[in-house]
2 protein chains.
Amino acid sequence: MNILYIMFDQLRFDYLSCAGHPTLNTPHMDRIAAQGVRFTNAYTQSPVCGAARMSAYTGRYVSSHGAQWNGYPLRVGELTLGDHLRANGVACWLVGKTHMKADAEGMARLGLSPDSVIGARQSECGFDAWCRDDGLWAVGPAGPYDTKRSPYNEYLKSKGYSGDNPWADFANAGCDGDDIASGWFMKNADKPANIDEPDSETPWLTSEAIKFMDATKGPWCAHISYIKPHWPYIVPAPYHDMYSKDDIPPVTRDAAELTDPHPVYEAFTAGRVGQAFARDDVREKVIPAYMGLIKQCDDQMGRLLRYLQETGRDKDTMIIITSDHGDYLGDHWMGEKDLFHAPSVKVPLIIFDPRTQADATRGTTCDELIETIDVTATIIDAAGGEVPDHIVEGRSLLPYLNGKPHPNPRNYVISEYDYSCHGACAKLNVANKDARLFMVATHDWKLVHCEGGLPPMLFDLKNDPNEFKDLGRCPDHAAVRAEMYGMLQDWSLRMSQRVTISDATIKQRRESGADTGVVLGVFDEKELPKSMTQTYRGKVPTRP
Amino acid sequence: MNILYIMFDQLRFDYLSCAGHPTLNTPHMDRIAAQGVRFTNAYTQSPVCGAARMSAYTGRYVSSHGAQWNGYPLRVGELTLGDHLRANGVACWLVGKTHMKADAEGMARLGLSPDSVIGARQSECGFDAWCRDDGLWAVGPAGPYDTKRSPYNEYLKSKGYSGDNPWADFANAGCDGDDIASGWFMKNADKPANIDEPDSETPWLTSEAIKFMDATKGPWCAHISYIKPHWPYIVPAPYHDMYSKDDIPPVTRDAAELTDPHPVYEAFTAGRVGQAFARDDVREKVIPAYMGLIKQCDDQMGRLLRYLQETGRDKDTMIIITSDHGDYLGDHWMGEKDLFHAPSVKVPLIIFDPRTQADATRGTTCDELIETIDVTATIIDAAGGEVPDHIVEGRSLLPYLNGKPHPNPRNYVISEYDYSCHGACAKLNVANKDARLFMVATHDWKLVHCEGGLPPMLFDLKNDPNEFKDLGRCPDHAAVRAEMYGMLQDWSLRMSQRVTISDATIKQRRESGADTGVVLGVFDEKELPKSMTQTYRGKVPTRP
């Protein structure tokens, strides 16, 4: 069996028709859900690309792998999905985005060259790269945002698109009369991108995925990682005007959220992004484009499914569809992600397992609490490996797929956010090391602990499903907070760094009682069998 | 300035005359204390050799570096004292024991050969090895306890001591008539080791240290790491009969400790070592030998001091004297170490800084709460480096040495113990990952948290300085336990793995506002200065 680990970027959990979106129709993803299981309570390990993805690729919590924000390097030697799969004879390929920054200092310290096989995998988060494209080819006066080579830009040039950076001039821009209508300005979100739709990013990456499958013998796991529907919010025809402001679901926000707000929440809503998405004209421009981008993604899923059917690969390919985090889109007076309200911290998760043992659950939903790292464990398990639980902190979802009771279900989920690089850190005068947030959530409650002496946030998910009322400082809820803090304490003392010795090895070592000659607490030889003391007997040798 | 980082093994904090031992006279260590500062509340990071030493050599907590017990490999790439010192132009040498086990799997995965310079440092915990000798050359039916080459055994052979393992037959054995009196049997602790005193381990290592200093240009830090007074408890003449049972301080134990004992404490006292050291005949044989071993260590310190004076190096050499953990010696019905009573978890710590800024504190004691990892930070600081506090969790002690108020004193100390390889783990039916203990202590209270659903231990250090009464389950002390658990929570959420990016880099990144072309939350170009949007303007290019 091969595994397609498909990740979209910034795709909200509730922007699929199978997840109940009222106006957005995504028949192809719905079809995968109808043949597999859709998880309704899947949480990202961190509501930001880099940290969430490093968790997805290591199966470890953000504060376990330490690459806690975009561009914070993943330490050299940190074990990845690729290491675990290859150890089990399964290749692990990348087609698209990882947002991974290599630990160049660490690699230099260990003498690893990025152009060696080992060094390349260290640089690509353990993947063998079919193609790596992180999708943000912005260039400013201070130079480019991303200095890597862009296979997508190379593709556009090969198709005759002009200039050094056709991504910026065509894929990410429309026409405003004779002028470029840049996708960076949200006023342009309703304009068609200045590109033939098959040449835009999402179809291009799908083509690369198909080329990869044509060219590659299994067994493999391929991470098909789309940059979209992530901003910039602009999409080519016909998707640019498929949806209008009338198709936008009602915004989820309440004036009360802004009265006596938590300082961290206030700092984020006060930023430029929050202020922009509080404006209805922004939402009415952006959300239809965002929906168009998702519709295009869904059509490309249709193309991928057709390819699998035509090649018969639909019988032996596991399909996982998820996202690295969501998008506030103006809900809670926020844009982007960063915090832990549902639109940001929850992710879509659909898994199709072609094997017969999964027949019992096809077309069902699973409401259990799930984390991104559980998908990593699921892939290792599905590929026939044993999940190395002294390293991987995720829990395989196969029991849920097979309709079996889970031996180790989650009683709570954790998500983390490091805002040391965000203006809020300075604004709140919090030390870099303290600019960290920890979410612990159950089905009923969501607590956000803030380091740096700040109060927590608390939401009553049962009675306030929209998370409008922060009870973090409410005297009546001290007991609930204490209970949630108990879970956080339990989690924070977890075993996370004893990664060099497995439980099996420890057990074997403990039980073997192999006699290597060290005997402790022995007064004389009578206390032990002769076999254990024979090397300490005999005639005394003479000194020189 | 050079730095002698001298570590003894299993040396109790209170077995020096300067620390108040009633019958053991250690004039040379006392002299160093008289010229420097003696820390009276220094705690090991873990009461077991391997874990404590990996913390000493990385400056990180046991659960941060993950090498949590003897022989649990230190993960490849983990930064060490040697890395931090060499980055600052100071060499870092090893003379003696580290108990470090290399991460052979990790090194193979990264293609590191142990015989390369980089690989050798990875294998030796970041040290350049002048000589490595861990000092336990036991051999049993299952093979040797330690498969490394023993420079000490090579030395004995060169001196004409016979056999494959003269350590076992001479250094670690006496004469029982014509028979070998093995040091492994405590009944032999009063016999003189069958070796000329200058050839025994402690003088041999001192000679190696002197040879090293003769041969090596500075600046350097040298870890002079003695195996003694660690068991086996046997010492050559004249030290073997310098002390008698009349010189043994009264045992610190109380029958009440064994009534309704904490399950973990009970499991350890019930083991062979605990049972043995509960016997007075064992204590009366072992402790005089232990004292003789310490007396020999002190005489060798005298030799080292003489060498420094004769070479004038006493003026420019910092001297640190400490131990990796203590030894119960029957106190609390325990032998060895493993748990957190003072005789086990406290360590001696004496620091002599030859520089004038330390003149103010010579001959004083410091009662502040100190951890082993603080010594690591002190060495980096003393060597003129900046302590990389995104990696090193210790806090430099130089302010105390210079008589200045400490900018960041400890309100509590942490020590950890992983007993997954100990019989108690199976006996208590605790999962390997839960076989972990966490001590948090202030001047007044000591709490031991036990994973795996076991109750905590609690000691009132003010009113019960001997730690006889475990209040961990006492209903009257719920408030104290809650307060101590608050400190544990604070510690357990510490920043420990964000090791690839410094605070300075994060701050600079946050504040630079370098315009790389990514603009978020911008409706139209009017919202930004032209400089930030110019690359998004211009005539729209024509599609191919």
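A quick note: this is a predicted structure, and the numbers were derived from the prediction, not measured. (Residues numbered from 1 in each chain as written. Chains lettered and ligands numbered in written order. Predicted model: local features only at pLDDT ≥ 70, side-chain atom pairs only at ≥ 80, totals over all residues. Heavy atoms only, no water.)

S.K.: Go over the sheet that holds strand β16 (residues 436-441) of chain B, please, and point to the residues and values.
M.R.: All names here are of chain B. Strand order in the open sheet formed by 4 strands is β15-β16-β17-β18, with antiparallel pairing between adjacent strands. Of all strands in the sheet, those with a lone pairing partner are β15 (413-418) and β18 (457-460), marking the two edges. When the angles between neighbouring strand axes are averaged without regard to direction, this sheet yields 15°. When β15 meets β16, the two strands line up antiparallel, connected through 6 bridges. (Pairing = 2+ DSSP bridges. Helix = DSSP H or I, 4+ residues; strand = E, 2+ residues; numbered from the N terminus. Axes fitted to C-alpha atoms, helices over the stretch in contact; angles between N-to-C directions.)

S.K.: Quick rundown of the side chain of D434 of chain A? Include the residues and the values.
M.R.: Take D434 of chain A: it is sitting in the loop between α16 (423-427) and β16 (436-441). When residues no more than four places from it in sequence are discounted, the contact partners of D434 of chain A are E451 and G452 of chain A. (Contact = heavy atoms within 4.5 Å.)

S.K.: Tell me about the environment of T535 of chain A, and please be specific about residues and values.
M.R.: Inspection of the secondary structure assignment puts T535 of chain A in the segment after α19 (530-533). Sequence separation between T535 of chain A and G517 of chain A is 18 residues; the distance between their C-alpha atoms is 7.8 Å. At a separation of 3.1 Å, a polar atom in the side chain of T535 of chain A contacts the main-chain carbonyl oxygen of V139 of chain B. (Polar contact = N/O pair within 3.5 Å; in protein donor to acceptor, adjacent residues only side chain to side chain.)

S.K.: So what about the relation of the copies chain B and chain A? Which residues, and what values?
M.R.: Take chain B, turn it by 180°, move it 0.0 Å along the axis, and it overlays chain A with an RMSD of 0.1 Å. Taken together, these values place the two copies in the relation of a two-fold axis. Take the interface residues of chain B: 100% of them recur as interface residues in chain A, which is what a same-surface contact looks like. (Least-squares fit on C-alpha atoms with pLDDT ≥ 70 in both.)

S.K.: Help me get a handle on the packing of aromatic side chains, residues and values and all.
M.R.: One pass over the full model with this rule turns up 44 aromatic pairs over all chains. A centroid spacing of 5.6 Å and a plane angle of 80° characterise the contact between W130 of chain B and F212 of chain B, whose relative ring orientation is edge-to-face. Placement of W130 of chain B in strand β5 (residues 128-132) and of F212 of chain B in helix α9 (residues 201-215) is noted, with a sequence separation of 82 residues between them. A residue is classified by how much of its surface remains accessible, and W130 of chain B, at 30% relative accessible area, is partly exposed. The exposure class assigned to F212 of chain B is buried, which follows from its relative accessible area of 0%. One aromatic cluster in this structure is built from W167, W184, F185 and W231 of chain A together with Y536 of chain B. Of note, R494 of chain B hangs over the ring of W491 of chain B, and the distance from its end group to the ring centre comes to 4.0 Å. (Phe/Tyr/Trp six-rings, centres within 6.5 Å; stacked < 30°, edge-to-face > 60°. Buried < 20%, exposed > 50% of the residue type's maximum accessible area, 1.4 Å probe, protein only. Lys NZ or Arg CZ within 6 Å of the ring centre and 35° of its normal.)

S.K.: Requested: an account of the pairing of strand β4 (residues 91-96) of chain B, with residues and values cited.
M.R.: Residues and elements named next belong to chain B. Taken together, the 6 bridges between β4 and strand β10 (residues 220-225) define a ladder with parallel strand orientation. Note that in β10 the partner of V95 across the bridge is I224. As paired elements, β4 and β5 share 4 bridges and run parallel to each other. Paired with G96 across the strands is R132, a residue of β5.

S.K.: Describe the environment of F352 of chain A, listing the residues and the values that go with them.
M.R.: All names here are of chain A. Mapped onto the fold, F352 is located in strand β12 (residues 349-352). With relative accessibility at 10%, the residue F352 sits in the buried group. A sequence separation of 315 residues divides F352 from V37, and the C-alpha atoms of the two residues are 6.5 Å apart. The residues touching F352, leaving out its near neighbours within four places in the chain, are I32, Q35, G36, D314, T317, M318, I319 and R362.

S.K.: Outline the domain arrangement of chain A, listing residues and values.
M.R.: When cut into domains, chain A gives domain 1 (2-492) and domain 2 (503-536). Computed over C-alpha atoms, the centres of domain 1 of chain A and domain 2 of chain A are 52 Å apart. (Domains from an automatic or database assignment.)

S.K.: Break down helix α2 (residues 49-58) of chain B for me, with residues and values.
M.R.: Counting buried positions along α2 of chain B gives 10 out of 10 residues, so the element sits mostly inside the fold. Among the structural elements, β1 (2-8), α3 (62-65), α4 (81-86), β10 and α14 (372-382) of chain B are those in contact with the buried residues of α2 of chain B.

S.K.: Give a detailed account of the interface of chain B and chain A, specifying residues and quantitative values.
M.R.: In this complex, chain B contributes 119 residues to the contact, which on the side of chain A involves 119 residues. Summed over both sides, the interface between chain B and chain A buries roughly 10,000 Å², with carbon and sulfur atoms accounting for 58% of that surface. For the interface between chain B and chain A, the tally reads 12 salt bridges. When the shortest N-O distance is used, the salt bridge between D179 of chain B and K539 of chain A registers 3.1 Å. Inspection of the chain B/chain A interface yields 59 residue pairs in polar contact (both at pLDDT 80 or more). By residue class, the composition of the side of chain B that touches chain A is 50 nonpolar, 35 polar and 34 charged. (Buried area = accessible area lost by both parts, 1.4 Å probe. Salt bridge = Lys/Arg side-chain N within 4 Å of Asp/Glu carboxyl O. Nonpolar A, V, L, I, M, F, W, Y, C, P; charged D, E, K, R; others polar.)

S.K.: Quick one: what's the story with the packing of helix α1 (residues 27-35) of chain B against helix α12 (residues 280-310) of chain B, residue by residue and with numbers?
M.R.: All names here are of chain B. Running from amino to carboxyl end, α1 crosses α12 at an angle of 55°, the nearest separation of the two axes being 7 Å. Between α1 and α12, the crossing angle belongs to the class labelled oblique. Across the interface between the two elements, P27, H28, M29, R31 and I32 of α1 pack against K295, C297, D298, D299, M301, G302, L305 and Q309 of α12. Grouping the constituent residues of the contact of α1 with α12 by class yields 6 nonpolar, 3 polar and 4 charged. (Parallel < 35°, antiparallel > 145°, perpendicular 65-115°, else oblique.)

S.K.: Give me unusual backbone geometry: which residues, what numbers.
M.R.: Residue P232 of chain A is reached from W231 of chain A by a cis peptide bond, and omega for that bond is -5°. Within the secondary structure, P232 of chain A sits in the loop between β10 (220-225) and α10 (263-269). Following G218 of chain B, the chain continues to P219 of chain B via a peptide bond in cis, the omega torsion being 0°. Assignment of secondary structure puts P219 of chain B in the loop between α9 and β10. The phi dihedral of H99 of chain A falls on the positive side, at around 60°, and the residue is not glycine. Positionally, H99 of chain A belongs in the loop between β4 (91-96) and α5 (104-109). The phi dihedral of N429 of chain A is positive, around 55°, even though this residue is not glycine. Here N429 of chain A is to be found in the loop between α16 and β16.

S.K.: Please set out the sheet that holds strand β18 (residues 457-460) of chain A residue by residue, giving values where relevant.
M.R.: Residue and element names in this part refer to chain A. One open sheet holds the 4 strands; their spatial order is β15-β16-β17-β18, and the pairing between them is antiparallel. One side of each edge strand has no neighbouring strand; the edge strands of this open sheet are β15 (413-418) and β18. Looking at each pair of strands side by side, their axes are set apart by 15° on average, direction ignored. This element, helix α17 (residues 478-492), spans β15, β16, β17 (445-450) and β18 of the sheet and lies at about 65° to β17.

S.K.: Describe in detail the state of the cysteines, supporting the description with residues and values.
M.R.: Throughout the structure, instances matching the rule amount to 0 disulfides over all chains. Note on C125 of chain A: no disulfide assigned, nearest cysteine sulfur contributed by C92 of chain A at a separation of 9.4 Å. (Disulfide = S-S within 2.5 Å.)

S.K.: Which residues make up the packing of helix α2 (residues 49-58) of chain A against helix α14 (residues 372-382) of chain A, and what values do they have?
M.R.: All names here are of chain A. Look at α2 against α14: their axes get within 7 Å of each other, and the N-to-C directions meet at 25°. Overall, the two elements α2 and α14 adopt an arrangement that is roughly parallel. The element α2 and its partner α14 pack so that their crossing is right-handed. Residue-level contacts link A52, S55, A56 and T58 of α2 to T372, I373 and T376 of α14. Grouping the amino acids of the contact of α2 with α14 by side-chain chemistry returns 3 nonpolar, 4 polar and no charged. (Left-handed = near helix turned anticlockwise from the far one by under 90°.)

S.K.: Kindly report on the environment of E154 of chain B, identifying the contributing residues and their values.
M.R.: All names here are of chain B. Tracing the backbone shows E154 in helix α7 (residues 151-158). Judged by relative accessible area, E154 falls into the partly exposed class, the value being 34%. For the pair E154 and D247, spaced 93 residues apart in the sequence, the C-alpha separation amounts to 36 Å.

S.K.: A description of the pairing of β10 of chain A should follow, citing residues and the corresponding values.
M.R.: All names here are of chain A. Of all 6 residues that make up β10, 6 are buried, and the element is covered over most of its length. Residues of β10 alternate between two faces, with W220, A222 and I224 on one and C221, H223 and S225 on the opposite face, all of them buried. As defined by bridge partners, strand β1 (residues 2-8) adjoins β10 across 5 bridges and the pair is classed as parallel. Bridging across to β10, M7 finds its partner in S225.

S.K.: Report on helix α12 (residues 280-310) of chain A, specifying residues and quantitative values.
M.R.: Residue and element names in this part refer to chain A. In a regular helix each residue adds 1.5 Å, so 31 residues correspond to 45 Å; α12 covers 45 Å between its end C-alpha atoms and thus fits that length. The buried count for α12 comes to 22 of 31 residues, which makes it a mostly enclosed element. Looking one or two places after α12, you find G312, whose phi comes out positive at around 70°. (Expected span 1.5 Å × (residues − 1).)

S.K.: Give me the pattern of salt bridges: which residues, what numbers.
M.R.: Taken as a whole and judged by the stated rule, the model has 86 salt bridges over all chains. A salt bridge links K148 of chain B to D134 of chain B; its shortest N-O distance comes to 3.4 Å. Here the residue K148 of chain B occupies a position in the loop between β7 (143-144) and α7, and D134 of chain B occupies one in the loop between β5 and β6 (139-140), the gap between them amounting to 14 residues. Owing to a relative accessible area of 6%, D134 of chain B belongs among the buried residues under this scheme. Between K433 of chain B and D434 of chain B there is a salt bridge whose closest N-O contact spans 3.0 Å. A residue is classified by how much of its surface remains accessible, and K433 of chain B, at 42% relative accessible area, is partly exposed. On the accessibility criterion, D434 of chain B (15% relative accessible area) is buried. Linked by salt bridges that have partners in common, E124, R132, D134, D146 and K148 of chain A make up one network.

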